[in-house]
Amino acid sequence: MNSHTQTRLRTLRAAFMTGAGSALLTIAMPAAAQDTPAPQAEGEEDAIIVTGIRETIQNSINTKRAETAIVDALSSDDIGDIPAISVGQAIQTITGATTHREKGDASEIALRGLGPFLSNATFNGRDATNGSGDRSVNFNQFPSELVNNIKIYKTQQASLVEGGVAGTIEIGTLRPLDFGKRRLQGEIKAQYNPYGDRITGREGGVGWRGTLSYVDQFANDTIGIAIGVQRNDTNNPEETYAASTTWTACQASPVIANNNCDEYTRAEYAQNRPFYLVPNAYTFRQISESDKRDAVFGSIQWRPSDQFNINLDVQYSDRTFVESRRDLNLSEGRFGLTNVVYDENGIVQSLNGISSLESNGSELSRSEEYLGGGLSVEWQPSDRLTVTLDGSYSRTIRKEIERNVRLRTDPTDVNGVRTVFNNMRIPYTYSITPGSFVPTITIDPRFDLNNHNLFWDDARFRRDESKRHNEIYAGRFDVAYEMDGFLSKISAGGRWSELTFRDYDIRNGDFNLNPAIAEDRRINNLCRQAFPQTDFLSAAKGNSINSWATFDVDCLFREYMGAEDPGLPADTRSVANRDVTERTLAGYVMAEYDADLGNMPVRGNFGVRVVKTDVTSDGLRSDLSIVTNPDGTIRLVTSGDFDTVTIKSRNTRILPSINAIFEVAPNTLIRAAGYRAMSRPNPSALGAGRTILLEDGTSFTSIEDAIRNITANGSPRLKPLMSWNADLAFEWYPNKDSLLSATVYYKQFSGGFQPVVFNEDFTIDGQTVSIPVTQTRNSPDKSRIYGLELTAATRFSFLPKPLDGLGVKVSYNYANSNFKTQDIRLGDVYDPVTDTVTPGIIPPANLSGYSKHVLSAQAYYELGPVSLQAIYNYRSSYFQDFVGGNSQLRYVGPSETVDFRASLDLMPGVSLRFEALNIFNEPKATYMPVYGSSRQYHYYGAKYFVGIRARI
């Protein structure tokens, strides 16, 4: 981030914090005076119609006040009035919620600074699938224009679907009879991304999105329909620097010239040798992209009598994006390292190295299809008894194909002329200023990065295809009986669900081609391509690499391989494949109460939920054959066959909960909650596949000696993460526009995650051997989180016109955690046989997704036809796990963005709208495997939307 941007953000941050102070003062003084409104004529309050941002905030305040659990919400009475481009961006304006950014947009949601795997997301009260392999919802799949309300349950109650230690995110669409009016609405927006104008050969950074919705009621309001459709056609160019995802601890001495550094192995960790951390490779990447999404939401509601209410709802989304990637790759990050300067944590400050350079090109396409919905039947045989049946289905299919080609440097150029180095490896320097996330890599200036002649050797072709199929069938049965007296309602119910997660990741390659140099020369000249972007990484201070020689990927595949797409291999079996089935059976009983404690009204609920989970994971293991040598020793050779191994796991959890609300004054509530919660491991972390790596050599005395190690693609034995939780909240509602709340919370965890070595049986050529496999387990460690959550919102209605249209909302969450997550290669490892822990050499991370500070501030002005809103979001640094687990630690640096929205009513039912996202081009920075060791930074620019909406 340059100094000019930092100054602007500091100024904006100060302005928003000033606004927060103003909100607290105005709530405490003039807002309090509004507790007793002036007398008014009958019906006068009903005549005031509140719309837009003010109406959304009012509805959110009303929802929070009415709920029994501790809840924060964002809701609108009308369709399309959630003020955000995506559901993810809408959620990050809710107290305690923040997002992880991908391609400049909000994706995974973290609650109270805790990562997405600790949260549960539901769609219309039902579990939803995604294509990421975890349990979070891909909020980019759902257009905000077709969502009406978003609730975040911070505390649990027995009737909620289990799975939220941090909370439960509930996304809801409208029911047409409950909506109660006819509405035809259309909206079209044009998108402009300044980075798109820097892509050569494209139509600039222009895209569009169009939304159409219709709601109506028929047959004397007994049948209602609602349908919404959206088409999104945009582009999200990106530029990035990244190191590889595998890092090595190199011994600081001795220096090994013209070779890889000497690795500091786990067996040597106890010797406390000095070391520094380096990746296997460095990459500069330019990305051109197009993004298309079609979405359809619909529901039919039938109310044939007062006793029956039947609702069928369906959601469908089909998103496809295509990326053209052009990479400059320094493929030997550990080779020939000298003059290494590093700090006490092993973080490199500067070094000299030599590496072969690669001009790599790839074409990536990803399609993700979501289909979900359900049928709900509510029967009320009497005024007191309600019976509800609900069946649901959710499916996500994500398919990704990447075709990649590599061209390397050589001692000669493609014309056979010796280069100035007479070596395939080129000298470079690496340096980073302390406190900066942007390293500077400088290639020896005698090497011309833009000379196509220098990239031609060792042509390698890969075609990777992955497919993730996540499916959930579920049904639930609920009975509620209303009562008189202290207990106002008794509820009970059960739920059954079956989740399946299957994926494959197949590589058709590597094809390493070495034709005659004349053929290389012909193809090199034929497939050359101008660098596809201007001003590459110009926003990254200190960057010295702005372009390099690039090639047309389709041309290279066609000329070298004979086809632009070689397709899948005949055999798609792989040890990386996962096949996980999770069956859940749950039941609950919950009582609601409503009484007076002296003169103070008290209400709430208490209950218990019992959850039984069965996991079955099928995995492939590469088969080996034993070859006996003449001297009696053996060697192992691959046979090309696979064995299927099934690992099963089962657990039962009891989840009690209690919520209490004390109305200490007419506009003041105190809430208390205690509950036990669970968060299941990600489906992708439960794989049973195992990859066997053989030792070098051909003469071994035993099978065990011939095997170097075994890597796992998951840990099926992982159990849910459990926590005991307590919340205490104070809420003051001085008027319809104002809220002041504070919540303190505490979570006591039983069990963390740590690498563990389990002996597993393998059958090799008829012989069964037990071999240690490093994977992840639930540790017996105890850990805790405590935190504070604050919300202040008000409208300055007491100010003279036109300033009375000003309003603010500020929310802040502080969390403190002592959870530990160890690095799979460089952290502590537990051995269950000896019951000992072997210490690692780098510190552990905290919970995945944990941020100590989360701040969201909104300032809005709404008066007459004008509506303006500025939004500031800040999230402190956090650890982000890789999908599937069993990986090294990765940290994301602090994130702060500023967005702006405006609308102008042109005439009744017609409005002009404008939105700007990430105005100051804030990048995303990541670090590995310790915080401060720069791994990657992304720049994707701002996005601007302008559109018009009409409703009848």
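Residues numbered from 1 in each chain as written. Predicted model: local features only at pLDDT ≥ 70, side-chain atom pairs only at ≥ 80, totals over all residues. Heavy atoms only, no water.

1. Digging into the overall build of the protein
Across its full length, the protein carries 8 helices and 47 strands. The C-alpha atoms of the protein give 30 Å as radius of gyration, which agrees with the globular expectation for 952 residues (30 Å, within 12%). Relative to its full complement of 952 residues, the protein shows a buried share of 57%. Across the protein, the fraction of contacts at a sequence separation of at least 24, relative to all contacts at a separation of at least 6, is 75%. Working note: accessible area of the protein is about 37,200 Å², and carbon and sulfur atoms make up 54% of it. For the protein, the separation between the mean place of its 96 positive charges and that of its 112 negative charges on side chains is 1 Å. (Helix = DSSP H or I, 4+ residues; strand = E, 2+ residues; numbered from the N terminus. Rg over C-alpha atoms; globule rule 2.2 N^0.38 Å. Buried < 20%, exposed > 50% of the residue type's maximum accessible area, 1.4 Å probe, protein only. Contact = heavy atoms within 4.5 Å. Areas by Shrake-Rupley, 256 points an atom, 1.4 Å probe, with all protein chains shown as cover. Lys, Arg positive; Asp, Glu negative; His and termini not counted. Charge placed at Lys NZ, Arg CZ, Asp CG, Glu CD.)

2. Digging into a nonpolar patch on the surface
Taken together, Ile188, Trp208, Leu904, Leu906, Met907, Leu912, Phe914, Val946 and Ile948 make up a surface patch of nonpolar side chains, about 770 Å² in accessible area. Among the secondary structure elements, those contributing two or more residues to the nonpolar patch are β43 (895-907), β44 (910-917) and β47 (943-951). It is β43 that contributes the most residues to the nonpolar patch, 3 residues altogether. Along the chain, Ile188 turns up in strand β8 (residues 183-192). Since its relative accessible area comes to 46%, Ile188 is described here as partly exposed. (Patch = residues over 30% accessible without salt bridge, like charges linked within 9 Å, V, L, I, M, F, W, Y side chains within 5 Å. Salt bridge = Lys/Arg side-chain N within 4 Å of Asp/Glu carboxyl O.)

3. Structural notes on the pattern of salt bridges
Scanning the entire structure with this criterion turns up 58 salt bridges. The salt bridge partner of Arg319 is Asp291, with a shortest N-O separation of 2.7 Å. Here Asp291 lies in strand β14 (residues 282-305) and Arg319 lies in strand β15 (residues 308-330), a separation of 28 residues in the sequence. Asp291 matches Arg319 in its accessibility class, with the two residues each being buried. One salt bridge connects Glu332 with Arg425, and the closest N-O pair in it is separated by 2.8 Å. Here Glu332 is found in the loop between β15 and β16 (338-342), whereas its partner Arg425 is found in strand β19 (residues 425-431), with 93 residues between them in sequence. Residue Glu332 is classed as buried on the basis of its relative accessible area of 16%. Judged by relative accessible area, Arg425 falls into the partly exposed class, the value being 23%. In this structure, a network of salt bridges that share partners links the residues Lys64, Asp72, Arg112, Lys154, Arg671, Asp727, Glu731 and Glu789.

4. A closer look at the packing of aromatic side chains
For the structure on display, the rule yields 28 aromatic pairs. Consider the rings of Tyr264 and Tyr269, whose centres lie 5.2 Å apart with planes at 70 degrees: the pair is edge-to-face. Taken individually, Tyr264 and Tyr269 each receive the classification buried, so the pair is uniform in this respect. A centroid spacing of 6.4 Å and a plane angle of 20 degrees characterise the contact between Phe914 and Tyr944, whose relative ring orientation is stacked. (Phe/Tyr/Trp six-rings, centres within 6.5 Å; stacked < 30°, edge-to-face > 60°.)

5. Looking at the state of the cysteines
Under the counting rule described, the total for this entry stands at 2 disulfides. For Cys250, the disulfide goes to Cys261, at an S-S distance of 1.9 Å. Given an S-S torsion of about -45 degrees, the disulfide between Cys250 and Cys261 has left-handed geometry. Separated by 11 residues along the polypeptide, Cys250 in strand β12 (residues 247-251) and Cys261 in the loop between β12 and β13 (275-279) bring together distant segments of the chain. At a sulfur-sulfur separation of 1.9 Å, the disulfide partner of Cys527 is Cys555. (Disulfide = S-S within 2.5 Å.)

6. So, the sheet that holds strand β4 (residues 119-123)
The pairing of strands in a sheet comes from backbone hydrogen bonds and takes either a parallel or an antiparallel form. Taken together, 5 strands build an open sheet; the order of strands is β1-β6-β7-β4-β5 and the sheet is mixed. Of all strands in the sheet, those bounded by a partner on one side alone are β1 (71-75) and β5 (126-127). Both β1 and strand β6 (residues 149-153) contribute to a ladder of 5 bridges, which runs antiparallel. In the sheet register, Leu74 faces β6, and the bridge partner there is Ile150. (Pairing = 2+ DSSP bridges.)

7. Considerations on the pairing of strand β45 (residues 924-927)
When a strand is regular, its side chains alternate between the sheet's two faces. Every second residue of β45 is oriented toward a common face, with Lys924 and Thr926 on one face and Ala925 and Tyr927 on the other, all of them buried. Across 2 bridges, the pairing between strand β42 (residues 891-892) and β45 is antiparallel. Paired with Tyr891 across the two strands is Tyr927, which belongs to β45. When β45 meets strand β46 (residues 934-939), the two strands line up antiparallel, connected through 4 bridges. Looking at β46, one finds that Thr926 is bridged to Gln936.

8. Comments concerning empty space enclosed by the protein
Remark: the empty space left among the atoms is shown by a probe the size of a water molecule rolled over them. Summed over all chains, the structure comprises 16 cavities of 30 Å³ or more. Reported here for the largest cavity is a volume of approximately 240 Å³. Lining the largest cavity are 21 residues, with Asn120, Asp127, Arg135, Ile472 and Leu499 sitting closest to its centre. Going through the elements one at a time, β4, β21 (457-482), β22 (487-513) and β25 (578-597) are the ones with two or more residues in the lining of the largest cavity. Class assignment of the residues belonging to the lining of the largest cavity gives a composition of 6 nonpolar, 8 polar and 7 charged. Considering the residues around the second largest cavity, the lining is formed by 18 residues, among which Ile57, Ser60, Ile61, Ala73 and Lys809 are closest to the centre. Secondary structure elements with two or more residues in the lining of the second largest cavity: α3 (52-66) and β1. In the lining of the second largest cavity, the residues fall into 9 nonpolar, 6 polar and 3 charged. (1 Å grid on protein atoms, 1.4 Å probe; cavity = no way out; pocket = protein on both sides within 12 Å on 5 of 7 lines; lining within 4 Å. Points joined across faces, edges and corners; volume = space filled by probe spheres on them. Nonpolar A, V, L, I, M, F, W, Y, C, P; charged D, E, K, R; others polar.)

9. Comments concerning the confidence of the model for the protein
A low pLDDT means the predicted coordinates there should not be read in detail. Of the residues in the protein, 93% reach a pLDDT of 70 or more, and the chain-wide mean stands at 87. Confidence drops under pLDDT 50 across residues 1-5; counting only partners more than four residues distant or on other chains, this segment forms 8 contacts. In the predicted structure, residues 14-47 sits below a pLDDT of 50 and forms 44 contacts with residues beyond four places in sequence or in another chain. (pLDDT = per-residue confidence, 0-100.)

10. Observations regarding the pairing of strand β31 (residues 721-732)
Of the strand pairs in this sheet, strand β28 (residues 668-679) and β31 are connected by 12 bridges, and their pairing is antiparallel. Across the sheet, residue Gly674 finds its bridge partner in β31, namely Ala726. When β31 meets strand β32 (residues 739-750), the two strands line up antiparallel, connected through 11 bridges. By the bridge assignment, Trp732 is partnered in β32 with Leu740. The hairpin formed by β31 and β32 contains 6 residues between the paired strands.

11. Regarding α3
Taking 1.5 Å of rise per residue, 15 residues should cover 21 Å, and α3 covers 21 Å from first to last C-alpha, within 8% of that figure. Within α3, 11 of the 15 residues are buried, leaving the element largely enclosed by the surrounding structure. Regarding α3, the residues found buried are Ile53, Arg54, Glu55, Thr56, Ile57, Gln58, Asn59, Ser60, Ile61, Thr63 and Lys64. (Expected span 1.5 Å × (residues − 1).)

12. Looking at the packing of helix α6 (residues 517-526) against helix α7 (residues 553-561)
The relative placement of two packed helices comes down to the angle between their axes together with the axis-to-axis distance. With their axes 10 Å apart at the nearest point, α6 and α7 run at an angle of 155 degrees to one another. Considered as vectors, α6 and α7 are oriented roughly antiparallel to each other. Every pair of crossing elements has a handedness; the one defined by α6 and α7 is right-handed. The segment α6 lies against α7, with Asp520, Arg522, Ile523 and Leu526 engaging Cys555, Leu556, Glu559 and Tyr560. (Axes fitted to C-alpha atoms, helices over the stretch in contact; angles between N-to-C directions. Parallel < 35°, antiparallel > 145°, perpendicular 65-115°, else oblique. Left-handed = near helix turned anticlockwise from the far one by under 90°.)

13. Some remarks on the side chain of Ser362
As for its placement among the helices and strands, Ser362 is situated in strand β17 (residues 348-379). Ser362 sits in the buried class, given a relative accessible area of 0%. Reaching out from Ser362, the side chain makes a polar contact with the side chain of Glu402 at a distance of 3.3 Å. With residues near it in sequence (within four places) discarded, Ser362 still touches Glu323, Ser324, Arg325, Arg326, Glu402, Arg403, Asn404 and Val553. (Polar contact = N/O pair within 3.5 Å; in protein donor to acceptor, adjacent residues only side chain to side chain.)

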